[in-house]
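# Inside the fold
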Amino acid sequence: MSHDAKTYLVTGANGQLGRLAVQSLIEKVPAAQVIALVRKPEAGADLAALGVTVRIGSYDDPASLDAAFAGVTHVLLISSSEVGQRLAQHENVIAAAKRAGVAFLAYTSILRADTSPLGLAVEHLATEKAIAASGIPYAFLRNSWYLENYLGSIGPALEHGAVAGSVGEGRISAASRADYAEAAAVVLANSDAYVNAVLELAGDDAFTLTNLAAAIGELAGKPVVYAYMPEDAYKAMLVQVGLPEGFAGLLADSDVGASKGGLFEDGKTLSRIIGRPTTPLKTVLAGAMGK
């Protein structure tokens, strides 16, 4: 297949990761060959301004996916944010891709989905198995945590002088959304080099929550420590500050998974793919704190 004959569709293109993936992809292939899938027309206005085609479709609506996938050769399936409904939604996308004769499908999974201690991994692994069973050539982009996941900790940390969590001294190899989006674009644009690849993607420099607390404190010029909490207590605290119980439980479970090494990876595959070191934790924190 010539490069000119390829068309690249990014699902969830108006989400935080999807938008960055589209922006990165049009630096590597002509914008005219890129399609952004969004759920509502108004969500794609700024993407259309980049010169990409915007199509409307929902993971829950197979007919809309069939229309959106017409003529598409390469797909980046960005995992749904609706935990508990993800697998059915992803299966709709996979089925539509197969009906459309898609030549390559990249999927944003989770670090070591097949052995991860995180409850979040269950739907990701099931999705990987569904993709493999479809017969479509694939790449599994097994992303570790986003550095941006910790930006919500800054305010409470400065207010209370502590970062709370159940990670213990588990090390977390997080990277920025932009780093993961860049890797996804590289893989999609160079798919021949990544056929049926399973890529464990993570930040170059792992950190503990003790390190996170110290970095916030250093940037703010005030002492911040890490306060360990057992899983049940941490979940209860998250509920108390307003998180839905299910989401709070998910976060607490993920912390415990991280304490068991579930978010640690030192293979540096991500930085090799993007051709540069991954973004440091302190850089992302400083940007969020205006430092």
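As shown above, the structure is provided for reference.
Below: a short report on this structure. All of these numbers come straight from a predicted model, not from anything done at the bench.

## A word on the nonpolar core
The biggest cluster of nonpolar side chains holds 59 residues, and the ones touching the most others in it are Leu25, Phe69, Leu76 and Tyr194. Element by element, the count of residues in this core is highest for helix 7 (residues 177-189), at nine residues. Sequence-distant contacts of Leu76, defined by excluding residues within four places in its chain, comprise Leu9, Val10, Thr11, Ala21, Ala106, Thr108, Leu141, Ala184 and Leu188.

## Focus: the environment of Pro41
Structurally, Pro41 is set in the loop between strand 2 (34-38) and helix 2 (45-48). Accessibility expressed as a relative area gives 56% for Pro41, which makes it exposed. For the pair formed by Pro41 and Gly170, sequence separation is 129 residues and the distance between their alpha carbons is 43 Å.

## With respect to the environment of Val187
Mapped onto the elements, Val187 comes out in helix 7. Not counting residues within four places of it along the chain, the set of residues in contact with Val187 comprises Phe104, Ala139, Leu141, Tyr194, Leu199 and Ile273.

## A few points about helix 4 (residues 86-100)
With 15 residues, helix 4 should cover 21 Å at 1.5 Å per step; its first-to-last C-alpha distance of 21 Å lies within 8% of that length. Among all positions of helix 4, only Arg86, Gln89, His90, Val93, Ile94, Ala96 and Ala97 are buried. Across the axial projection of helix 4, the buried residues extend over an arc of 160°, all falling on one side. Elements in contact with the buried residues of helix 4: helix 3 (62-68), strand 4 (74-77), strand 5 (104-110) and helix 5 (121-134). The positive-phi residue at the C-terminal boundary of helix 4 is Gly101, with phi of around 75°.

## Points about the packing of helix 1 (residues 16-25) against helix 7
Orientation of helix 1 relative to helix 7, taken along the N-to-C sense of each, is 50°, at an axis distance of 8 Å. Judged by the inter-axis angle, helix 1 sits oblique to helix 7. Seen along the crossing, helix 1 lies across helix 7 with a hand that is right-handed. Where helix 1 abuts helix 7, its residues Gln16, Leu17, Leu20, Ala21, Ser24 and Leu25 lie against Arg177, Ala178, Tyr180, Ala181, Glu182, Ala185, Leu188 and Ala189. Residue composition of the contact of helix 1 with helix 7, grouped by class: 10 nonpolar, two polar and two charged.

## Quick notes on the sheet that holds strand 3 (residues 53-56)
As summarised here, the arrangement of the seven strands in space is 3-2-1-4-5-6-8, forming an open sheet in which the pairing is parallel. What marks the edges here is a single partner per strand, and that holds for strand 3 and strand 8 (197-201). On average, adjacent strands in this sheet sit at an angle of 20° to one another, irrespective of strand direction. Relative to strand 6 (residues 138-143), strand 5 runs parallel, the two being bridged by six bridges. For Thr108, the partnering residue across the bridge sits in strand 6 and is Leu141. Across the sheet, helix 1 lies against strand 1 (8-10), strand 2, strand 4, strand 5 and strand 6, angled at about 155° from strand 1, the strand it touches most.

Parameters at a glance
- Residues numbered from 1 in each chain as written.
- Predicted model: local features only at pLDDT ≥ 70, side-chain atom pairs only at ≥ 80, totals over all residues.
- Heavy atoms only, no water.
- Core = buried A, V, L, I, M, F, W, Y, C linked by side-chain atoms within 4.5 Å.
- Buried < 20%, exposed > 50% of the residue type's maximum accessible area, 1.4 Å probe, protein only.
- Helix = DSSP H or I, 4+ residues; strand = E, 2+ residues; numbered from the N terminus.
- Contact = heavy atoms within 4.5 Å.
- Expected span 1.5 Å × (residues − 1).
- Arc of directions from axis to C-beta.
- Axes fitted to C-alpha atoms, helices over the stretch in contact; angles between N-to-C directions.
- Parallel < 35°, antiparallel > 145°, perpendicular 65-115°, else oblique.
- Left-handed = near helix turned anticlockwise from the far one by under 90°.
- Nonpolar A, V, L, I, M, F, W, Y, C, P; charged D, E, K, R; others polar.
- Pairing = 2+ DSSP bridges.

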